[in-house]
Amino acid sequence: VSIQSHRKDEHVSLAIKFYNKTSHAGFDQLRFVHQGIPEISLDDIDTSTTIENIKMDFPIYIEAMTGGSEYTKKLNQKLARIAKSTGIAMATGSQSVALKDDSVASSFEIVRETNPNGIVFSNLSASADVSRAKAAVKMMNSDAIEIHINTPQEMIMPEGDREFNWIKNIKSIQEELACPVIVKEVGFGMSKETIQQLVDAGVKNINISGKGGTSFSKIENYRRKKQEMDYLEDWGQTTVESLLEAQPFKDKTNIIASGGIRTPLDAVKAIALGANSVGIAAPILYSLIKNGEEETIEFINDFIYGMKSIMTVLGTKNLSELQSKKLILSSDLLSYVSQRGLPY
Ligand code: FNR
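What you are looking at is a predicted structure, and each value in this text was computed from that prediction instead of being measured.

A. Representation of the pairing of strand β8 (residues 181-184) within the structure. Every second residue of β8 is oriented toward a common face, with Val181 and Val183 on one face and Ile182 and Lys184 on the other, all of them buried. Where strand β7 (residues 144-148) and β8 come together, four bridges link them in parallel fashion. Bridging across to β8, His148 finds its partner in Lys184. Taken together, β8, helix α8 (residues 192-200) and strand β9 (residues 205-207) form a β-α-β motif whose crossover is right-handed.

Structure representation (structure tokens):
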């Protein structure tokens with residue numbers, strides 16, 4: 001077993017070990033105003049959305065997690081069956097391991113084999129060049145590719161990258177790939193300056209993946225054995241702060257949210273703040289490992305029902321109506337918005 005394959009197994013077990021049902025992504029700092037007479041039925045609710053040419057019936061998907069070992073091949077197969085049964089899209093974890101070691105490519109290929117007509121997203125680091133990005137998409141005949149940015153994680157990893165000249169790769173991947181490109185964080189969030197850099201590079205889909213759910217500083221600090229960089233455990237912007245940072249760009253680029261989405265209400269609030277879809281990672285993995293496939297399918301179907309219920313109560317029949325709802329910000333968030341000069 002290669003060091004990289006072993007790391008993929010460790011990420012899974014540590015994400016489960018540290019899994020916290022309670023989100024710290026800032027959603028409790030936001031409230032909707034209740035309106036008692038919505039004049040709408042549950043059946044009127046349309047949750048469909050798009051990522052460029054990709055049409056999705058539901059605005060949630062299984063976020064990038066795994067692949068690259070025997071164990072994670074089984075997990076990817078199960079996640080693909082869950083995606084197929086619920087009709088949601090699915091991203092895999094970084095395929096970099098399979099581009100280096102052909103013997104683990106099947107741990108990603110199995111996703112497409114299991115769900116031939118499903119929506120599948122590839123995943124690679126922004127350190128990848130165009131040829132790797134094309135190879136990753138080809139491996140799963142993917143509908144889109146996620147390119148992740150994750151500097152704190154790399155710096156905490158003893159074996160991590162130390163050079164971050166990413167914008168050139170991002171620009172050329174955006175220019176040369178035929179499918180949609182999504183640039184995502186891994187749970188550290190984004191600032192308006194980072195989003196501006198991505199928009200300037202031509203990126204059309206940005207997943208702000210904020211702080212408050214799975215913490216890769218926590219996971220990598222544990223893997224270091226010594227907790228010597230645990231001072232970075234609170235680094236980054238929460239998902240809610242990142243969505244506020246994204247406000248000036250809502251018309252220029254497709255905003256996607258992830259990081260600490262734990263309940264249907266979190267997801268609906270993320271959409272009301274401008275996200276067009278929402279990625280969920282650890283809760284789905286946790287449910288799969290603790291409760292199994294059937295219960296996870298039920299978890300996702302209940303999640304969708306919960307989102308539709310809230311949209312019914314709000315009287316918003318589709319995502320664009322939901323996005324026109326203004327949320328009430330806590331005084332902490334109001335201070336954040338004013339210090340950062342954000343339009344909300
Ligand atoms: C991840 N995540 C991730 N992201 C990415 O872009 N490439 C990757 O290879 C991985 N690997 C990975 C493994 C495991 C086990 C987990 C739980 C997560 C990050 C993930 O896509 C997401 O951005 C964060 O996990 C935040 O979402 P949650 O977990 O709080 O819903």
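Back to the text.
B. Focus on the layout of surface pockets. As a volume, the largest pocket reaches approximately 880 Å³. Forming the walls of the largest pocket are 46 residues, and the residues nearest its centre are Lys8, His11, Ser94, His148 and Gln153. Of all elements in the fold, only α1 (3-17), α3 (96-100), β6 (120-125), α6 (151-156), β11 (277-280) and α12 (282-291) reach the threshold of two or more residues within the lining of the largest pocket. Across the lining of the largest pocket, the residue classes tally to 15 nonpolar, 21 polar and ten charged.

C. How the structure looks around the site of the ligand. Looking at the ligand, there are 24 residues lining it, with Ala64, Ser94, Ser209, Thr214 and Arg262 nearest. Between the ligand and Asn123 there is a distance of 2.9 Å, counted from an oxygen atom to a side-chain nitrogen or oxygen. In this structure, an oxygen atom belonging to the ligand sits 3.0 Å away from a main-chain N or O atom of Ala281. Its free accessible area being 600 Å², the ligand has 97% of it covered by the protein chains. Here the ligand occupies the largest pocket. Of all the secondary structure elements, the ones that give two or more residues to the shell around the ligand are α1 and α12. Within the shell around the ligand, the residues separate by chemical class into ten nonpolar, ten polar and four charged.

D. Quick look at the packing of helix α2 (residues 70-86) against helix α4 (residues 106-114). For the pair α2 and α4, interaxial distance at closest approach is 8 Å and the crossing angle is 20°. Of the possible angle classes, the one that applies to α2 and α4 is roughly parallel. As for how α2 packs across α4, the hand of that crossing is right-handed. Where α2 approaches α4, its residues Lys73, Asn76, Gln77, Ala80, Arg81 and Lys84 are matched on the opposing element by Ser106, Ser107, Phe108, Ile110, Val111 and Thr114. Class assignment for the residues of the contact of α2 with α4 results in four nonpolar, five polar and three charged.

E. Looking closely at the nonpolar core. Counting 88 residues, the largest nonpolar core has Ile60, Ile145, Ile147, Ile170, Leu177 and Val278 as its most contacted members. Among the elements that line this core, the one with the most residues is helix α13 (residues 293-314), at eight residues. Residues within four places of Ile145 in sequence aside, it is in contact with Ser122, Asn123, Leu124, Ala133, Ala136, Val137, Leu177, Cys179, Pro180, Val181 and Ile182. If you look at the next biggest cluster of nonpolar residues, it comprises twelve residues, including Met56, Ala64, Phe121 and Ile256.

Analysis parameters
- Residues numbered from 1 in each chain as written.
- Predicted model: local features only at pLDDT ≥ 70, side-chain atom pairs only at ≥ 80, totals over all residues.
- Heavy atoms only, no water.
- Buried < 20%, exposed > 50% of the residue type's maximum accessible area, 1.4 Å probe, protein only.
- Helix = DSSP H or I, 4+ residues; strand = E, 2+ residues; numbered from the N terminus.
- Pairing = 2+ DSSP bridges.
- Right-handed = clockwise from strand over helix to strand, strands pointing away.
- 1 Å grid on protein atoms, 1.4 Å probe; cavity = no way out; pocket = protein on both sides within 12 Å on 5 of 7 lines; lining within 4 Å.
- Points joined across faces, edges and corners; volume = space filled by probe spheres on them.
- Nonpolar A, V, L, I, M, F, W, Y, C, P; charged D, E, K, R; others polar.
- Near = heavy atom within 4 Å.
- Polar contact = N/O pair within 3.5 Å; in protein donor to acceptor, adjacent residues only side chain to side chain.
- Areas by Shrake-Rupley, 256 points an atom, 1.4 Å probe, with all protein chains shown as cover.
- Sits in = over half its atoms within 2 Å of the grid points.
- Axes fitted to C-alpha atoms, helices over the stretch in contact; angles between N-to-C directions.
- Parallel < 35°, antiparallel > 145°, perpendicular 65-115°, else oblique.
- Left-handed = near helix turned anticlockwise from the far one by under 90°.
- Contact = heavy atoms within 4.5 Å.
- Core = buried A, V, L, I, M, F, W, Y, C linked by side-chain atoms within 4.5 Å.

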